[in-house]
Amino acid sequence: MSLKFDIRPTPHPTPEKERAAKLENPGFGRVFSDHMAIVQYTQGQGWHSARIESRANFPLDPAGAVLHYAQEIFEGLKAYKRDDGGVNLFRPDANAKRFQDSAERMAMAKLPEDVFIEAVEQLVRIDRAWIPGGEGSLYLRPFMIASEVFLGVKPSAEYIFSVIASPVGSYFKGGPAPVSIWVSENYTRAAIGGTGAVKCGGNYAASLRAQAEAIEHGCDQVVFLDALERRYVEELGGMNVFFVFDDGAMLTPPLGTILPGITRDSIIALMKDSGTKVREEAYSIDQWRKDAASGRLKEAFACGTAAVISPIGKVCSASGDFSISGGAAGPVAMGLRKKLVDIQYGRTNDPHNWIRKVL
């Protein structure tokens, strides 16, 4: 399926001086570009009315299905400015495929992958001036909501797909510092057959109380255990996790109840390229503690689109705290981060053809 986007440039673009001031220190997710992409879906008609227009509020009826039954999914990816002035996207096809998988699980209309990618690319083209230089990037947030006006428990017959853009600076000022994480023993993130592998708002809403508990205990992030036995490490509030051992091998929790992260998949591919064995298998919190104490575990790190890679220095829980390799960032995590970032910005070769050049 292919849709032609109607391009409607905003009649009131942000003045250049004001935009430059915002790009100096944009933070994360607080500043937004001038435009947005919109595509609508109506049962019987399919996807239609594709357009790029001024970023504005949605007219949403109080009985809109998303407000009552939470049919909502989203993605996150970035546009990177190359040294030659061009712009890269990193694996947008993987985001488009995961978006379809999320829609399938949430009984929503599936957006064709080419429409997803075209919406992202058109928005990047019209708002390219909002891409910061240096280690900054343009964070892109494609999302879909159920918009049918109906109070009844059934899949919506109408949807709005949109993409908005937010310029962001480097996630870590002064380089990635090791984070501390809190082991959640009161809350779980997902169970088998649930929506753990789906990028839907409800998963993140359910994680917020556990994240607040982590902050109350002086930690940066929360890590969840499996819902069945409360033993096995699954993922952080919004990031996948990896473990590096003294024999050079790596381990990451298996898919099923966790999000199939695109950064996660990229790390596995890069490590396999280098001949490193990456095991996808269950790993208990007790084993994590034991391996950290014995020195068998050399590094632990989390990964995701926003931060790329975050070293884990300390693990806290009601059963006591422990650190990994003295709480310092390890060479494997930092080496992987540099390799990924260099690919994303076009500074090195791209062995898996992950980069899509928009400009």
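Figured I'd write up the structure that's included with this text. For every chain, the first residue of the written sequence is number 1, and numbering continues from 1 onward in sequence order. Where totals are concerned, whole chains, interfaces and linings use all residues; where local detail is concerned, this predicted model gives features only for residues with pLDDT of at least 70, and gives and counts side-chain atom pairs only at 80 or more. Heavy atoms from the whole structure form the basis of all side-chain values; hydrogens and water molecules are not counted.

## Notes on the environment of I355
Argument step 1. Comment: elements are numbered from the N terminus, with helices defined as DSSP H or I runs of at least four residues and strands as E runs of at least two. Residue position: I355 is located in strand β18 (residues 355–357).
Argument step 2. Residues I355 and K110 lie 245 residues apart in sequence; the distance between their C-alpha atoms is 24 Å.
Argument step 3. Each residue touching I355, except ones within four places of it in the same chain, is listed here: N88, L89, F90, I343, Q344 and D350. Should any heavy atoms of two residues lie within 4.5 Å, those residues are counted as being in contact.

## A look at the packing of helix α6 (residues 262–273) against helix α8 (residues 331–344)
Argument step 1. Between α6 and α8, the least distance of the axes is 11 Å, while the angle of their chain directions is 105°. Taken together, α6 and α8 sit at an angle that is classed as roughly perpendicular. Contacts from T263, S266, I267, L270 and M271 in α6 reach V332, L336, K339, L340 and I343 in α8.
Argument step 2. Grouping the constituent residues of the contact of α6 with α8 by class yields seven nonpolar, two polar and one charged. Every axis corresponds to a line fitted to the C-alpha atoms, with the helix fit spanning only the stretch in contact, and the corresponding angles, defined between N-to-C directions, vary from 0 to 180 degrees. Oblique is the label for any angle not under 35 degrees, not over 145, and not in the 65 to 115 range, which are roughly parallel, roughly antiparallel and roughly perpendicular in turn. Residues were grouped as follows: Ala, Val, Leu, Ile, Met, Phe, Trp, Tyr, Cys and Pro as nonpolar; Asp, Glu, Lys and Arg as charged; and all remaining residues, including Gly, as polar.

## Some details on the packing of aromatic side chains
Argument step 1. Aromatic rings from Phe, Tyr and Trp, taking only the six-membered ring of Trp, are treated as a pair when their centres fall within 6.5 Å; an angle between ring planes under 30 degrees marks them as stacked, one over 60 as edge-to-face, and anything in between as tilted. According to the stated counting rule, one finds 15 aromatic pairs in the structure shown.
Argument step 2. Centre to centre, the rings of F28 and Y139 are 5.2 Å apart; their planes meet at 55°, and the pair counts as tilted. One end of the pair, F28, is in the loop between α1 (16–24) and β2 (35–42); the other, Y139, is in strand β7 (residues 137–146), with 111 residues separating them in the sequence.
Argument step 3. To sort residues, take the accessible area from a 1.4 Å probe on protein chains only and compare it with the maximum for the residue type: under 20% means buried, over 50% means exposed, and anything in between is partly exposed. You can call Y139 buried: its relative accessible area is 11%.
Argument step 4. The interplanar angle of 70° and the centroid separation of 5.5 Å between the aromatic rings of F99 and F161 together place this pair among those described as edge-to-face. Highlighted residues: F99 in helix α3 (residues 92–105) and F161 in strand β8 (residues 158–168), separated in sequence by 62 residues.
Argument step 5. Judged by its relative accessible area of 1%, F99 is buried.
Argument step 6. What makes F161 buried here is its relative accessible area of 0%.
Argument step 7. Of the aromatic side chains, those joined through ring pairs into one cluster are F243, F245, Y283, W288 and F322.
Argument step 8. In our convention, an over-ring charge means Lys NZ or Arg CZ found within 6 Å of a ring centre and within 35 degrees of that ring's normal. Between K154 and the ring centre of F150, over which it is positioned, the NZ or CZ distance is 5.1 Å.

## Things to note about a nonpolar patch on the surface
Argument step 1. Within the patch definition used here, like charges are joined within 9 Å and nonpolar side chains (Val, Leu, Ile, Met, Phe, Trp, Tyr) within 5 Å, considering only residues with over 30% relative accessible area and no salt bridge. Only the protein chains shown count as cover for residues, and the accessible areas themselves come from Shrake-Rupley with a 1.4 Å probe. Any carboxyl oxygen of Asp or Glu within 4 Å of a side-chain nitrogen of Lys or Arg constitutes a salt bridge here. Taken together, the side chains of Y69, L151 and V153 make up a nonpolar region of the molecular surface, amounting to roughly 340 Å² of accessible area.
Argument step 2. Relative to the helices and strands, Y69 is located in helix α2 (residues 65–69).

## Some remarks on the layout of surface pockets
Argument step 1. Put simply, the largest pocket is a space of about 730 Å³.
Argument step 2. Both cavities and pockets are sets of points on a 1 Å grid over the protein atoms alone; in a cavity a 1.4 Å probe fits but cannot get out, in a pocket the set is open with protein on both sides within 12 Å along at least five of seven lines, and lining residues sit with an atom within 4 Å of a point. Lining the largest pocket are 28 residues, and of these K199, Y204, G238, M239 and A306 lie nearest its centre.
Argument step 3. Among the elements of the structure, β7, α5 (201–216), α6 and β15 (297–304) are those that each provide at least two residues to the lining of the largest pocket.
Argument step 4. If you tally residues by element for the lining of the largest pocket, the top one is α5, at four residues.
Argument step 5. Around the second largest pocket, the lining comprises 17 residues; the ones closest to its centre are I192, D226, Y232, E234 and T257.
Argument step 6. Looking at the lining of the second largest pocket residue by residue, the classes come out as twelve nonpolar, two polar and three charged. Grid points are joined across faces, edges and corners, and a volume is the space filled by probe spheres set on the points.

## So, the side chain of R91
Argument step 1. Relative to the elements of secondary structure, R91 occurs in the loop between β6 (87–90) and α3.
Argument step 2. Residues adjacent in sequence count toward polar contacts only when both atoms are side-chain atoms; beyond that, a polar contact is any pair of N or O atoms within 3.5 Å, and within protein one must be able to donate a hydrogen and the other to accept it. Only 2.9 Å separates the side chain of R91 from the side chain of D265, close enough to count as a polar contact.
Argument step 3. Setting aside residues up to four positions removed in sequence, R91 forms contacts with I262, D265, S266 and W354.

## Structural notes on the pattern of salt bridges
A side chain with one charge can pair with a side chain of the opposite charge if their charged atoms come near.
Argument step 1. This structure, assessed with the given rule, holds 22 salt bridges.
Argument step 2. The partner of R296 in a salt bridge is D291, and the shortest N-O contact between them spans 2.9 Å.
Argument step 3. For R296, a relative accessible area of 31% corresponds to the partly exposed category.
Argument step 4. Members of the salt-bridge network, linked through shared partners, are D6, R8, R51 and E53.

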